[in-house]
Amino acid sequence: MNGGDEVMTAPAGPTPPLEWKFSQVFGERTAGEEVQEVDIISAIEFDKTGDHLATGDRGGRVVLFERTDTKDHGASRRDLERMDYPINRHPEFRYMTEFQSHEPEFDYLKSLEIEEKINKIRWCQTANGALFLLSTNDKTIKFWKVQEKKLKKISEMNLDPPKAVGNGSMACSSNSNIPIPCLANGGSPDKSYNYLDNDFSFPPGGLPSLRLPVVVTSQETNLVARCRRVYAHAHDYHINSISNNSDGETFISADDLRINLWNLEISNQSFNIVDVKPANMEDLTEVITSAEFHPTHCNTLAYSSSKGSIRLIDLRQSALCDSHAKLFEEPEAPGSRSFFTEIIASISDIKFAKDGRYILSRDYMTLKLWDINMDSGPVAMFQVHEYLRPKLCDLYENDSIFDKFECCLSGDGLRVATGSYSNLFRVFGCSPGSTEATTLEASKNPMRRQVQTPSRPSRSLSSITRVVRRGAETSGVDANGNAFDFTTKLLHLAWHPTENSIACAAANSLYMYYA
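As recorded in an unreviewed UniProt entry, the chain goes by Serine/threonine-protein phosphatase 2A 55 kDa regulatory subunit B and comes from Hibiscus trionum. You can read under Function (unreviewed entry) in the UniProt record for the chain the words "The B regulatory subunit may modulate substrate selectivity and catalytic activity, and may also direct the localization of the catalytic enzyme to a particular subcellular compartment." Its UniProt record gives the chain the following Sequence similarities (unreviewed entry) comment, quoted word for word: "Belongs to the phosphatase 2A regulatory subunit B family."

The following block contains the structure:
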């Protein structure tokens, strides 16, 4: 893809499909083990370097992981490649630390319970070796600083007599350097020195040295998470998105009807920049579903709606961005409207490509790739689970049709990925002529449900459409001939910013794959 600000060399032909391999799993559950609701992962995010990964769960906890395979050589992967160092390792992470980000609350004015579930996590710029991140539940955003602190320990309590004099205590007149044994409570096993005894008497030669605890800073370190700021009381509806600005100073938070602009340093004030709430709530026809800042242009952001449209707004136009700079929506095909049309058109997630030229959106059935310079329609569309279309009535009855799947793009912009049911996720190639459409399972054998994509003639980027090969039309069977399970859904996943590595959440387990 050619970026708006930088020119990327186009590949000579379609990139070959990647062969994905299992890398790691954290929190793998044994067969038959019951998953606790609070342990289910609800957010995943890599930082900009890809050296750190954060997850949030329904219990309000944030867990951090750090990359280990590049640290072994004491240099970054890019530096090692520049030195022509052979890199045969895949990305490996290890548990770093965790902290309780949010607690359950109760809104007494509205008689409403506010659950602790982490909706989104976003990494901020690092400073002085400390990590900074934003986390949010339905109502409150918090700014966290995670830093290594040196541990303070209590040193040896039995001081030498000369040191005791310096502390103002009475020294022993004996010249003996033999230390006096001491019990845990400060007493002495020797009765003559046991000052806690009822028959206390001064020993011959006076008191021995006074035993004082001395706190010293050791060389051992421990990671400490500290909440720096709390951004609260700014949203009447549930927060669905937070996004950092490229200026490093501001961020946005979005709920169903409003988008607010915050300064990281100011927690008691925000500016409302988008408000779609009508004067009469009965006239409400659409809500905001996701919002994200442009990766390089600090004045530009995009937000999606429940009607399947994406609006690009420019903060330079006005303080309240009632009007949009561009509107991206796909015209409805004549005669295709049904009861489910608007429900499945609702966009659950949008992501900018790294260069900011493209926007990826996910609705219930498809992934769409949009060029911000072309608002007539998507440049590519990928069908995620077309085999579910005959089952929309069942999905509506069990509320699965309202599931919000996330999407992500690779750092080079050549591939996109999103989740599905039965703990499956799909990877599509979006370079010109690519026919890559891979189905993977969140397990230690990701390729076991792989279907060979039939070869098709190369087409231009503007006409690419990925269609999953249909399986049997019988109830409960997916495109691969396997029974699909609506209870096991892969909603959250993230692509490493510089490498072909994906982290995805299956219930309480975090799976990582590389290619």
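A. Representation of the overall build of the chain within the structure. Across its full length, the chain carries 4 helices and 31 strands. A burial count over the chain gives 49% of its 515 residues as buried. Taking contacts inside the chain between residues at least 6 apart in sequence as the whole, the part at least 24 apart equals 59%. Counting only carbon and sulfur atoms, one obtains 50% of the accessible surface of the chain, whose full area is about 26,000 Å².

B. Structural context of the sheet that holds strand 18 (residues 310-314). With antiparallel pairing, 4 strands are arranged side by side in an open sheet as 16-17-18-19. At either margin of the open sheet sits one strand with a lone partner, and together these are strand 16 (288-293) and strand 19 (326-328). Taking each pair of neighbouring strands and ignoring which way they run, the sheet shows an average axis angle of 20 degrees. Two elements, strand 18 and strand 19, share 3 bridges in a ladder whose sense is antiparallel. Among the inter-strand pairings, I310 is bridged to a residue of strand 19, identified as F328.

C. Structural context of unusual backbone geometry. One non-glycine residue, N128, lies in positive phi territory at about 55 degrees. Following the sequence through the fold, N128 ends up in the loop between strand 8 (120-123) and strand 9 (131-136). Of note, the phi angle at S422 is positive, near 60 degrees, even though the residue is not glycine. Looking at where S422 falls in the secondary structure, it is placed in the loop between strand 25 (415-419) and strand 26 (424-429).

D. Inspection of the pattern of salt bridges at higher detail. With the rule as written, the count across this model stands at 24 salt bridges. Ionic pairing is found between K444 and E28, a salt bridge with its closest N-O pair at 3.3 Å. In this pair, K444 is assigned in the loop between strand 27 (437-441) and strand 28 (464-466) and E28 in the loop between strand 1 (21-26) and strand 2 (41-46), connecting sequence segments 416 residues apart. When the shortest N-O distance is used, the salt bridge between E45 and R122 registers 3.0 Å.

E. Structural detail: the nonpolar core. Core analysis: the biggest nonpolar cluster contains 17 residues, and W20, F425, V427, L493, I502 and C504 have the highest contact counts within it. Residue assignment for this core shows that the elements contributing at least two residues are strand 26, strand 29 (493-495), strand 30 (501-506) and strand 31 (509-514). At 3 residues, the largest contribution of residues to this core is made by strand 30.

F. Spotlight on the side chain of R122. Summarising the element assignment, R122 is placed in strand 8. Given a relative accessible area of 12%, R122 falls into the buried group. Polar contacts involving the side chain of R122 include one to the side chain of E45, which spans 3.0 Å. Not counting chain neighbours up to four residues away, the residues in contact with R122 comprise E45, L133, L134, I242, S243, N244 and E292.

G. Expanded view of the environment of F271. Tracing the sequence through the fold places F271 in strand 15 (residues 266-275). Residue F271 is classed as exposed on the basis of its relative accessible area of 52%. For the pair F271 and I259, spaced 12 residues apart in sequence, the C-alpha to C-alpha distance is 8.5 Å. Once you skip the residues sitting within four places of it in the chain, F271 turns out to touch I259, N260 and L261.

H. The pairing of strand 13 (residues 250-254), seen in detail. Judged by how many residues are buried, strand 13 sits mostly within the fold: 5 of 5 residues are covered. Side chains T250, I252 and A254 of strand 13 all project onto a buried face; the interleaved residues F251 and S253 project onto the opposite face, where all are buried too. As paired strands, strand 13 and strand 14 (residues 258-263) are joined by 5 bridges and run antiparallel to one another. Each residue of the ladder has a partner; that of S253, found in strand 14, is N260. Hairpin connection between strand 13 and strand 14: a loop of 3 residues separates the two successive antiparallel strands.

I. Inspection of a nonpolar patch on the surface at higher detail. Together, F339, Y396 and F402 make up a nonpolar patch on the protein surface, roughly 320 Å² of accessible area in all. Structurally, the position occupied by F339 is in the loop between strand 19 and helix 3 (341-345).

J. View of the environment of K307. If you trace the backbone, K307 turns up in the loop between strand 17 (300-305) and strand 18. Once the C-alpha coordinates of K307 and I288 are considered, the two residues, 19 residues apart in sequence, prove to be 9.2 Å apart. Excluding residues within four positions of it along the chain, K307 makes contact with T285, E286, E342 and A345.

K. Spotlight on the state of the cysteines. In this structure the tally under the stated criterion is 0 disulfides. The thiol sulfur of C407 is not disulfide-bonded, and the nearest other cysteine sulfur, from C408, lies at 7.1 Å.

L. Expanded view of the sheet that holds strand 9. Reading across the sheet, the 4 strands line up as 8-9-10-11 and stay open at both edges, with antiparallel pairing between neighbours. Here the strands that pair on one side only, and so sit at the sheet edges, are strand 8 and strand 11 (215-231). Here the average twist between neighbouring strands, direction ignored, is 30 degrees. By the bridge criterion, 13 bridges tie strand 10 (residues 141-154) to strand 11 in an arrangement that is antiparallel. Counterpart to K149 in the pairing with strand 11 is N222.

M. Here's a closer look at the confidence of the model for the chain. Averaged over the chain, the pLDDT score is 82; the fraction of residues at 70 or greater is 76%. Contacts from residues 161-178, a stretch scored under 50 in pLDDT, to residues over four places away or in other chains number 18 contacts. Taken together, the stretch residues 191-195 has pLDDT below 50 and engages in 12 contacts with residues farther than four places along the chain or on a different chain.

N. Molecular detail of the environment of A437. Checked against the element boundaries, A437 lands in strand 27. A437 gets classed as buried once you look at its relative accessible area, which sits at 11%. Linking A437 and F382, residues 55 residues apart in sequence, is a C-alpha distance of 8.7 Å.

What counts as what
- Once a new chain begins, its residue numbering starts again from 1 and follows that chain's sequence as written.
- Only residues with pLDDT of at least 70 are given local features in this predicted model, and only at 80 or more are side-chain atom pairs given and counted; all residues enter the totals for whole chains, interfaces and linings.
- No hydrogens and no water enter the side-chain calculation; it runs on all heavy atoms of the structure.
- UniProt positions are given in the numbering used here, feature names are shortened, and annotations may be inferred rather than shown by experiment.
- Numbering of helices and strands runs from the N terminus; a helix is a DSSP stretch of H or I covering at least four residues, while a strand is a stretch of E covering at least two.
- Classification of residues uses two cut-offs on accessible area relative to the type maximum, computed with a 1.4 Å probe and protein chains only: under 20% is buried, over 50% is exposed, and between them is partly exposed.
- Should any heavy atoms of two residues lie within 4.5 Å, those residues are considered in contact.
- All accessible areas in this document rest on Shrake-Rupley with a 1.4 Å probe, and a residue is counted as covered only by the protein chains that are shown.
- Should DSSP find at least two bridges between two strands, the strands are regarded as paired.
- For helices, the fitted line uses only the C-alpha atoms of the stretch in contact; every axis is such a line through C-alpha atoms, and the angle between N-to-C directions lies from 0 to 180 degrees.
- Take a side-chain nitrogen of Lys or Arg and a carboxyl oxygen of Asp or Glu: if they are within 4 Å of each other, that pair is a salt bridge.
- Think of a nonpolar core as a cluster: buried Ala, Val, Leu, Ile, Met, Phe, Trp, Tyr and Cys residues, connected wherever their side-chain atoms sit within 4.5 Å.
- Polar contacts, as used here, are pairs of N or O atoms within 3.5 Å; protein pairs need one atom able to donate a hydrogen and one able to accept it. Residues neighboring in sequence count only if both atoms are side-chain atoms.
- Patch criteria: residues need more than 30% relative accessible area and no salt bridge. Like-charged residues are merged within 9 Å; nonpolar side chains of Val, Leu, Ile, Met, Phe, Trp and Tyr are merged within 5 Å.
- Disulfides are defined in this document as cysteine sulfur pairs within 2.5 Å.
- Per residue, pLDDT captures the predictor's confidence, and it can take any value from 0 to 100.

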